[in-house]
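# Report on the structure
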Amino acid sequence: QDNRISIWSVGDLGNVGLNGEYQGDPQLLCDIRHNGDVMDMQFLDQERIVVASSTGTVTVFRHHQNNQTLSANQRWEKAHYHVDQDTSCGGAACTGVICNNPEIVTVGEDGRINLFRADQKDAVRTIDNADSSTLHAVTFLRTTEILTVNSIGQLKIWDLRQQRNEPSQIFSLTGDRVPLHCVDRHPNQQHIVATGGQDGMLSIWDIRQGTMPVSLLNAHEAEMWEVHFHPSNPDHLFTCSEDGSLWHWDTSTDVSEKPSFLHQGGRSTTYFSHNTINQSVVSAWLSNDPTKDRMEITNLIPNQTLSVNSLDILGPCLVYGTDAEAIYVNRQLFA
Amino acid sequence: LTAYVAGTGEGGPSSSRLFVVRKDQDIYIQTLRKLFNESHGIFIGLQRSEEELAGKSRKAQLVQVSKNYRSVIRACMEDMHQAAILTRDPALHSQYSTQVSILSAMELIWNLCEILFVEAAAAGPLLLRLLDWVRLHVCDVDNMVHEVLSSENPSKHELFWNVVDVFVLQGRMDEARHLLSKEASANPTSVNMYKTLDDLMKKMPVPSLGNTQTLTEMELKWQHWHEECQRYLQDGTFASSSHMESICKILLGDEDAILEKKDLMTTWYHFLVTRLLYSHPTVKPMELRFYAQACMDLFLGGESSPEPLDTILMAAFEFEMHQVIKECSIALSNWWFVAHLTDLLDHCKLLQSHNLYFGSNMREFLLLEYASGLFSHHSLWQLGVDYFDHCPEYGRVYLELHIERIPLNTEQKALKVLRICEQRQMHEQVRSICKIMAMKALRNNRLGSALSWSIRAKDAAFATLISDRFLKDYCESGCFSDLDLIDNLGPSMLLSDRLTFLGKYREFHRLYGEKRFSEAAKLLLMLMTAHIAPCSFWMTLLTDALPLLEQKEVIFSAEQTYELMRCLEDLTAGKSDKQKFQDDDVETMKVEMLRLALARNLARVIVKEGTLEGS
């Protein structure tokens with residue numbers, strides 16, 4: 001197998017065509033061989049990328065922008081492994097990685113959580129057997145707390161300051177313990193968490209209250225691989241799935257659509273202040289009645305065939321990759 | 001897989017054969033992956049496209065599909081060409097270059113099939129399409145054209161007349177006239193000659209694509225024009241310039257004159273189209289075969305024999321579709337081309353559904369072969385699945401066999417395979433794959449993962465196995481591992497009795513820990529009396545009852561105590577004498593202690609229950 005990490009450049013701003021679409025395909029700048037499947041990756045900082053491998057190794061690559069090359073900067077071999085090397089059937093894949101420079105947290109099929117620090121050779125902390133099932137994804141809740149999801153439908157909060165190897169809180173789905181594959185936290189409201197499951201269901205959790213999700217939204221027809229809140233426009237959420245679709249969830253409400261009685265009082269009311277609008281939009285994610293605060297859901301892929309495995313968004317730009325070995329870039333997301 | 005057969009000797013009673021089996025290398029060529037992926041998308045689109053569209057719109061749709069396939073081939077050719085230029089390794093360079101020429105041949109054949117079969121161009125437009133085809137594909141002369149056009153004084157260039165001839169041979173009248181005008185301005189003495197020739201070229205009637213004229217009209221016009229050319233030639237108008245005279249002869253369709261320019265045409269099919277342009281522009285599709293055969297014979301002239309490509313193109317001109325497919329299958333190393341072309345032709349309803357002797361029709365056979373080839377690749381197998389889906393007879397069987405053999409090195413890959421199986425109700429495969437994954441997980445001591453796989457497959461037997469493992473761990477270590485799993489089983493607890501027991505047993509421990517003794521007691525008893533607990537575990541349960549019996553406060557009621565005693569007796573009675581003999585002291589002591597505790601409890605509770613309240 002010849003797996004590679006590649007860096008692409010996507011057109012320059014001057015190259016806009018008739019409909020504002022970008023002419024020209026993404027250009028490959030540089031690439032480097034990678035051992036094993038790439039299960040997850042994230043930028044640590046402007047130059048470094050952390051990559052999780054199916055062999056259980058976590059590697060930090062550095063992108064040298066002056067001569068456009070990639071090099072392996074640091075590597076933690078066997079970050080994830082099964083205990084008995086003789087009977088273990090291959091390595092344990094590292095399934096998720098999250099960074100908060102200089103800290104790196106990884107989780108894997110071995111149910112292990114690792115806390116690394118860039119440039120430190122050994123792991124800062126390892127929680128062995130943190131979970132009896134596979135940990136599918138991890139994200140930061142606060143700088144010292146992380147969220148993990150596993151294959152028996154549990155969302156767990158871990159406090160890394162504490163020395164005990166137990167989660168500080170466990171949330172689970174109602175009903176069947178459908179495996180959860182992805183998790184993301186609202187960028188501004190830290191108590192709002194979204195997870196995606198094997199049955200394609202999107203769950204929104206309020207971790208301040210209760211141990212069950214606030215809302216369950218029937219979304220995809222197959223595994224939801226990734227869920228992301230838009231980092232600067234968090235009333236927008238994106239999910240992608242094995243069924244080949246990528247959905248854009250839009251809860252941004254139009255101020256003028258609010259019923260007229262709210263207009264009373266003019267300036268003295270606080271209804272239209274920015275903070276309140278933010279709050280009322282936030283509650284859109286937590287509200288149980290999707291008809292009250294209108295949510296628009298759009299499938300961004302017209303002719304879906306194979307699975308969309310991964311996506312990312314920044315500003316007006318959306319990138320996603322499919323099993324048809326294609327990468328798609330949409331630079332005019334909100335046009 | 002491709003197999004080569006070498007025979008020894010001529011038909012002896014047992015002629016031994018040597019088979020050389022070679023793995024299909026093409027799927028591993030990096031640049032071809034784009035071809036496979038993109039064509040997969042086009043294939044799926046075609047299968048899903050509406051069949052209800054009839055007539056012209058359906059044909060237009062199919063022609064578009066054909067063009068899409070061709071543009072994918074061309075894109076691949078581009079990439080391959082770039083790769084050939086950039087590589088420093090001579091072996092790779094030659095490999096890439098070979099691939100480029102193979103892809104180019106494929107596009108040539110496909111294009112011709114599109115014109116003749118998919119679009120089924122009628123007399124008139126047929127010629128125009130063939131002209132386009134030739135211009136697009138016979139481009140050995142492009143360099144020469146470019147050289148002359150970009151030179152300072154084109155008309156003085158030594159290859160000038162060659163380029164004019166090329167334009168005329170390919171029917172590119174405007175370009176030819178443009179070049180000639182340069183010559184005319186440089187040579188004022190022969191202005192009249194140029195004017196005449198220019199005029200003739202301008203007036204040449206060509207078939208039109210639209211409905212502006214009927215074939216008969218065109219034929220009439222063409223006849224007049226032809227006669228006019230003839231007159232000019234016979235009058236000796238062009239006698240002073242051999243170049244222009246030969247051009248005029250070409251315009252008249254003179255075979256020898258055209259054949260003289262053999263090197264400029266390079267191929268017999270170019271010769272064919274040029275001849276048709278200047279002698280039978282309204283050629284009908286069915287007439288092509290005669291001209292094609294004649295032209296090929298003339299062009300090759302007995303010096304060289306036809307190559308595979310020539311045979312394939314000839315078969316196409318003869319409208320022998322099956323022959324085309326057969327020849328391509330032999331000539332090409334990979335099933336890609338024939339599989340997709342046959343599928344398209346099948347959608348055009350052009351292939352008779354004559355069955356091959358082993359039951360499926362040709363389209364299905366080729367698709368099955370192609371898709372099977374994909375399955376030997378570690379990631380292109382996903383494309384193969386969709387191809388199998390569209391083979392009605394054997395697709396499912398092939399898929400069932402192939403999908404179980406995909407190596408599952410990560411859980412994510414297993415999940416993808418499972419999803420494919422579930423979507424197609426392949427329950428056997430789902431069970432088998434989940435069992436494999438669960439077994440792997442169990443061996444790696446990932447009990448939660450193992451349980452998760454059993455739940456997916458609804459495999460009660462395996463869930464029982466996992467629960468037994470938990471219980472065994474508990475008996476050995478005295479505490480539960482993986483509490484996060486057992487405490488949160490939820491409805492999946494009902495998958496197997498043993499699992500339910502595990503969940504309830506853990507609940508008992510929890511209740512005990514929270515000091516909710518009477519509830520714990522009730523639960524414990526229920527576990528035994530409702531036969532949820534396996535017999536092997538009864539001893540442990542009864543031992544767990546001991547601390548409850550020894551509590552200061554009476555917990556078990558009389559009824560419950562009787563039940564417990566009955567359980568104990570059932571348990572000991574079940575043992576044969578021999579077993580009782582083998583029981584060590586610990587066992588017998590346990591039983592003794594239990595009997596004692598139960599008796600004491602009974603005594604206390606009878607007194608308590610017998611006591612009147614309030615007194």
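Residues numbered from 1 in each chain as written. Chains lettered and ligands numbered in written order. Predicted model: local features only at pLDDT ≥ 70, side-chain atom pairs only at ≥ 80, totals over all residues. Heavy atoms only, no water.

Going by an unreviewed UniProt entry, chain B carries the name Nuclear pore complex protein Nup85 and comes from Fulmarus glacialis. Chain B has a UniProt comment under Function (unreviewed entry) that states "Functions as a component of the nuclear pore complex (NPC)." (UniProt positions renumbered as here; feature names shortened; annotations may be inferred.)

With an unreviewed UniProt entry as reference, chain A is termed Nucleoporin Nup43, source organism Fulmarus glacialis. In its Subcellular location (unreviewed entry) section, the UniProt entry covering chain A states "Nucleus".

This paragraph deals with the domain arrangement of chain B. What the domain assignment lists for chain B is domain 1 (133-283) and domain 2 (534-574 + 584-614). Computed over C-alpha atoms, the centres of domain 1 of chain B and domain 2 of chain B are 113 Å apart. (Domains from an automatic or database assignment.)

This brings us to the packing of helix 17 (residues 336-347) of chain B against helix 18 (residues 362-375) of chain B. Residue and element names in this part refer to chain B. Contact pair helix 17 / helix 18: the axes reach a minimum separation of 9 Å and the direction vectors enclose 145°. For helix 17 against helix 18, the interelement crossing comes out left-handed. Across the interface between the two elements, Trp336, Val338, Ala339, His340, Thr342, Asp343 and Asp346 from helix 17 touch Met362, Arg363, Leu366, Leu367 and Tyr370 from helix 18. Tallied by class, residues from the contact of helix 17 with helix 18 come to 7 nonpolar, 2 polar and 3 charged. (Axes fitted to C-alpha atoms, helices over the stretch in contact; angles between N-to-C directions. Helix = DSSP H or I, 4+ residues; strand = E, 2+ residues; numbered from the N terminus. Left-handed = near helix turned anticlockwise from the far one by under 90°. Contact = heavy atoms within 4.5 Å. Nonpolar A, V, L, I, M, F, W, Y, C, P; charged D, E, K, R; others polar.)

Attention now moves to the packing of aromatic side chains. Both the distance between ring centres and the angle between the ring planes are used here to describe each pair of aromatic rings. Here the structure, examined in full by the defined rule, presents 29 aromatic pairs over all chains. Between the aromatic rings of Trp222 of chain B and Trp225 of chain B, the centroid separation amounts to 6.5 Å while the plane-to-plane angle is 40°, which identifies the pairing as tilted. Residue Trp222 of chain B and its partner Trp225 of chain B are located together in helix 9 (residues 215-234), separated by 3 residues, close to a single helical turn. For Trp222 of chain B, a relative accessible area of 8% puts it in the buried group. On the basis of relative accessible area, Trp225 of chain B is assigned to the buried category, the value being 3%. With 5.1 Å between their ring centres and 90° between their planes, Tyr370 of chain B and Tyr387 of chain B make a pair best called edge-to-face. Separated by 17 residues along the polypeptide, Tyr370 of chain B in helix 18 and Tyr387 of chain B in helix 19 (residues 381-389) bring together distant segments of the chain. Each member of the pair, Tyr370 of chain B together with Tyr387 of chain B, is buried. Ring-pair connections join several aromatic residues into one group, and the members of that group are Tyr474, Phe501, Tyr505, Phe508, Tyr512, Phe517 and Phe537 of chain B. Seen from the ring of Tyr81 of chain A, Arg112 of chain A lies directly overhead, with NZ or CZ sitting 4.1 Å from the centre. (Phe/Tyr/Trp six-rings, centres within 6.5 Å; stacked < 30°, edge-to-face > 60°. Buried < 20%, exposed > 50% of the residue type's maximum accessible area, 1.4 Å probe, protein only. Lys NZ or Arg CZ within 6 Å of the ring centre and 35° of its normal.)

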